[in-house]
Amino acid sequence: MARTFQEIVAARLSRRGFLAAGAASVALGLARSARADATVDDTGPTGPFRPLPGDAGPELRLPEGHRHHTVLAWGDPLLADAPPFDPLAQSVASQSRQMGYNADFVGFVPLPRGEAGLAHGLLCVSSEYTSPPLMWPDEPRTARTLSRERCDVDMAAHGLNVAEIRRDVAGRWQLVQRSLRNRRVSAFTPIRLTGPAAGHPWLRTSADASGRLVQGTFANCSGGITPWGTWLQAEENYESYFAADGAGADGAGADSLVRDEIQRARVGAHSEHGWERHHARFRLADEPHEIFRHGWLVEIDPYDPTCVPVKRTALGRFSHEAASIVVAPDGRVVVYSGDDAEGEHVYKFVSEGRYDPAHRASARDLLDRGTLYVARFDEDGRGAWLPLVFGEGPLVPRRGFRSQAEVLIRARHAATLLGATPMDRPEDVEALPGTGRVVAAFTKNTKRTSKAVDAANPRGPNPHGHLLEWVEDGDDPTSLAFTWDVLLLGGPAADGGSGDGDSVLSCPDNLAFDRHGTLWIATDGQAKALGIHDGVYRVPLTGAGRGRPERFLSAVPGAEVCGPCFTPDDRTFFVAIQHPGEGSTFDEPSTRFPHDAADRLPPRPCVIAIERDDGTPISG
Ligand code: FEO
Ligand code: CA
Ligand code: CA
């Protein structure tokens, strides 16, 4: 019999002592980790700022004693031959050389590589999608009417950006415009497929008989920086770029493989972005396999502007939200990643080979061989990692799988057969280096019914989302079992949340740890859920404030907040302000952020650098 929500929460909260008591290992783990320079104490840091109240005003807000400046915005000239930003003269040529749109993931790698990066580095920023009504005058709110020219600019505004930044004489981070280190990757860039699924017949198209060379990446949500300094970038809502029309709205006119994909990924008759109107590869009826070449994790070396990015198929195919990469005590590498769709799952990959920090080359193809697992969260607070291995358990020919490649390409189906727990839209999953501790955000799930709740997804519907925390057995990220708990339930108590007063957040999305092991959470959806702007929250995992959000940033109208990312010394906190003004238009924007209200420019998605006025670490 299904337990009531109150019973489930009571059971969870009664076990909270376990993970809280184990939180001292956060500090111990950090002392062993790459951030061993951290000032570690096991009482937990005290709050380094006075939390903000919720806000719905026109200005970006930060706590007293903090300031921000814009480092990188849509249209900034990146490549050597890039023209300056001019929203009235956009072209494929200019956008392919300038910063892309809607910044989501923000990573920082130091220059030179291996140095502290206190004043020089590379920003790795994804451009997840676009907001056409804010990019052009007179563009309707639907992308389906985009002209061929605007469609191709749109495709060029997606993808990845590598941008060299330096502190100037005033100490402010500045983009090094037109640096030879800068790079753009878009929906047009050649990308290799490697790993067990590369070359599989399902990955072959009329343009690529090899099944090993893809044109482009898009829907690039969050990602992660590897311990060897490469960037692992997720491909999330790939399905929204494809059109099922002609293959049958429900896939009835397609073969069973494509029909299953249309139904499981919920591919619409028309895409949200309209690219299929101008490019046949996005029409399933014309090119049924192109869709299987997206939904992977892409590895790119930001230090090598000429490298060909690689989609690593060993890590599975689904709506990858992000990636968090840690090294286990025995040197194997573990990559956590969530599948952001209602009722989908949390995964981790464990490499077969080991990473040797003294030899960067040891990581070269480390992510091509290993085992992918999916999580089952049990009612008693324990959990198990279930292997997606062809020939094991139900992953056999009579259940529809004929090879490991097929298991990886249809990872969602394999996960369901294995009995993985369907979650409330997994967003960021962040592992704390040097520990077995992991936190995951589940942004919301309005489709979960009250009858379908479980211990790890205790609300139905779930309009505010929640966070889970787990510790891998033996503090080893390669372990196949773990102990988990609810860290925080989004929303106010009146909605069954754990928040009260101003200490409340909703729709958690991107996560970061500071050098103390304190969690920082960016949100996506608070305007609808709470009537306030999205923001960034500090959430201690230790001490009396454990699980209580403190509002650090309140954004601007229409925006969600992404990133977030600390520099190695925690003195700078990079945050992406994604789609400022969304819901309004180029001619009448609800904000012109980061420009002044009197400015004539449209709002621009951007990355800002936040620092304390006195230059001390943001994290306290
Ligand atoms: Fe792109 Fe799940 O957010
Ligand atoms: Ca996200
Ligand atoms: Ca988001």
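Residues numbered from 1 in each chain as written. Chains lettered and ligands numbered in written order. Predicted model: local features only at pLDDT ≥ 70, side-chain atom pairs only at ≥ 80, totals over all residues. Heavy atoms only, no water.

1. Structural notes on the overall build of the chain
Then, in step 1: Of the regular secondary structure elements, the chain holds ten helices and 28 strands.
Then, in step 2: At 23 Å, the chain has a C-alpha radius of gyration in line with the 25 Å of a compact globule built from 620 residues.
Then, in step 3: Counting only C-alpha atoms and orienting by the principal axes, one finds that the chain spans roughly 65 × 60 × 50 Å.
Then, in step 4: Burial analysis of the chain (620 residues in total) assigns 62% to the buried set.
Then, in step 5: Taking the intrachain contacts of the chain between residues at least 6 apart in sequence as the baseline, contacts between residues at least 24 apart amount to 65%.
Then, in step 6: Summing over all exposed atoms, the chain offers an accessible surface of approximately 21800 Å²; the carbon and sulfur share of this is 51%.
Then, in step 7: Separation of charge centres in the chain, based on 66 positive and 82 negative side chains, amounts to 2 Å. (Helix = DSSP H or I, 4+ residues; strand = E, 2+ residues; numbered from the N terminus. Rg over C-alpha atoms; globule rule 2.2 N^0.38 Å. Buried < 20%, exposed > 50% of the residue type's maximum accessible area, 1.4 Å probe, protein only. Contact = heavy atoms within 4.5 Å. Areas by Shrake-Rupley, 256 points an atom, 1.4 Å probe, with all protein chains shown as cover. Lys, Arg positive; Asp, Glu negative; His and termini not counted. Charge placed at Lys NZ, Arg CZ, Asp CG, Glu CD.)

2. Digging into the pattern of salt bridges
Then, in step 1: By the definition in use, this model includes 40 salt bridges.
Then, in step 2: Residue Arg150 pairs with Glu139 through a salt bridge whose shortest N-O separation is 2.5 Å. Separated by eleven residues along the polypeptide, Arg150 in helix H6 (residues 148-156) and Glu139 in the loop between helix H5 (132-135) and H6 bring together distant segments of the chain.
Then, in step 3: The partly exposed category is assigned to Arg150, whose relative accessible area is 23%.
Then, in step 4: The exposure class assigned to Glu139 is buried, which follows from its relative accessible area of 9%.
Then, in step 5: As a salt-bridge pair, Asp152 and Arg148 come within 3.0 Å of each other at their nearest N and O atoms. Placement of both Asp152 and Arg148 in helix H6 is noted, with a separation of four residues, approximately one turn of the helix.
Then, in step 6: A relative accessible area of 12% means that Asp152 is categorised as buried. (Salt bridge = Lys/Arg side-chain N within 4 Å of Asp/Glu carboxyl O.)

3. Quick notes on empty space enclosed by the protein
Rolling a probe over the atoms, with the probe sized like a water molecule, indicates the empty space that remains.
Then, in step 1: A complete count under the given rule lists two cavities of 30 Å³ or more for this structure.
Then, in step 2: Taken as a whole, the second largest cavity encloses approximately 70 Å³ of empty space.
Then, in step 3: As for the second largest cavity, its lining consists of Tyr238, Glu261, Arg264, Ala265, Arg317, Ile409, Arg410, Ala411, Arg412 and His413.
Then, in step 4: Elements that contribute at least two residues to the lining of the second largest cavity include exactly helix H7 (256-264) and helix H9 (411-418).
Then, in step 5: Examining the composition of the lining of the second largest cavity, we find that three residues originate from one element, H9, more than from any other.
Then, in step 6: In terms of residue class, the lining of the second largest cavity is made up of four nonpolar, one polar and five charged. (1 Å grid on protein atoms, 1.4 Å probe; cavity = no way out; pocket = protein on both sides within 12 Å on 5 of 7 lines; lining within 4 Å. Points joined across faces, edges and corners; volume = space filled by probe spheres on them. Nonpolar A, V, L, I, M, F, W, Y, C, P; charged D, E, K, R; others polar.)

4. Some points on the coordination of the calcium ion (ligand 3)
For a metal bound by four donors in a tetrahedral arrangement, the ideal donor-metal-donor angle is 109.5 degrees, while six donors in an octahedral arrangement ideally sit at 90 or 180 degrees.
Then, in step 1: Coordination sphere of the calcium ion (ligand 3), protein contribution only: Asp509 (OD), Asp524 (OD) and Glu560 (OE), at 2.3 to 2.6 Å.
Then, in step 2: Counting along the primary sequence, the residues that act as donors to the calcium ion (ligand 3) give the motif D-x14-D-x35-E.
Then, in step 3: If you look at the calcium ion (ligand 3) and the calcium ion (ligand 2), they sit 3.3 Å from each other and are both ligated by Asp509. Residue Asp524 is located in the loop between strand S23 (519-523) and helix H10 (526-530), and its partner Glu560 is located in strand S26 (residues 560-566); the two are separated by 36 residues in the primary sequence.
Then, in step 4: By relative accessible area, Asp524 is classed as partly exposed at 24%.
Then, in step 5: In this structure Glu560 comes out as buried when scored by relative accessible area, which is 4%. (Donors = N, O, S within 2.8 Å, 3.2 Å for Na, K, Ca; no water.)

5. Some details on the nonpolar core
Then, in step 1: Counting residues in each nonpolar core, the largest one holds 40 residues, and the members touching the most others are Phe218, Val267, Trp275 and Leu284.
Then, in step 2: Secondary-structure elements contributing two or more residues to this core are H5, H6, H7 and helix H8 (404-409).
Then, in step 3: Once you skip the residues sitting within four places of it in the chain, Leu284 turns out to touch Ala243, Ala244, Ala247, Val258, Ile262, Val267 and Ile291.
Then, in step 4: One finds Ala314, Phe318, Phe349 and Ala415 within the second-largest nonpolar core, a separate group that totals 31 residues. (Core = buried A, V, L, I, M, F, W, Y, C linked by side-chain atoms within 4.5 Å.)

6. Quick word on the sheet that holds strand S13 (residues 324-327)
Then, in step 1: Read across the open sheet, the nine strands follow the order S13-S14-S15-S16-S17-S21-S20-S19-S18; overall the sheet is antiparallel. Here the strands that pair on one side only, and so sit at the sheet edges, are S13 and strand S18 (426-431). For this sheet the average axis-to-axis angle between neighbouring strands, irrespective of direction, equals 30°.
Then, in step 2: This element, H9, spans strand S15 (346-354), strand S16 (370-377) and strand S17 (382-387) of the sheet and lies at about 105° to S15. (Pairing = 2+ DSSP bridges. Axes fitted to C-alpha atoms, helices over the stretch in contact; angles between N-to-C directions.)

7. Digging into the pairing of strand S4 (residues 159-167)
Then, in step 1: The element S4 is extensively covered by neighbouring structure, given that seven of its nine residues are classed as buried.
Then, in step 2: Of the pairings in the sheet, the one linking strand S3 (residues 120-127) to S4 comprises eight bridges and is antiparallel in character. In the sheet register, His120 faces S4, and the bridge partner there is Arg166.
Then, in step 3: Pairing between S4 and strand S6 (residues 183-185): three bridges, direction antiparallel. Paired with Leu160 across the two strands is Val185, which belongs to S6.

8. Observations regarding H6
Then, in step 1: Of all the positions in H6, only Cys151, Asp152, Val153, Asp154, Met155 and Ala156 are classed as buried.
Then, in step 2: Those residues of H6 that are buried lie in contact with helix H4 (92-95), H5 and S6.

9. Observations regarding the coordination of the calcium ion (ligand 2)
Then, in step 1: Protein ligation of the calcium ion (ligand 2) involves Cys221 (SG), Glu321 (OE), Glu321 (OE), Glu427 (OE), Asp509 (OD) and Asp509 (OD), the donor distances falling in the range 2.1 to 3.2 Å.
Then, in step 2: Along the chain, the residues donating to the calcium ion (ligand 2) are arranged with the sequence spacing C-x99-E-x105-E-x81-D.

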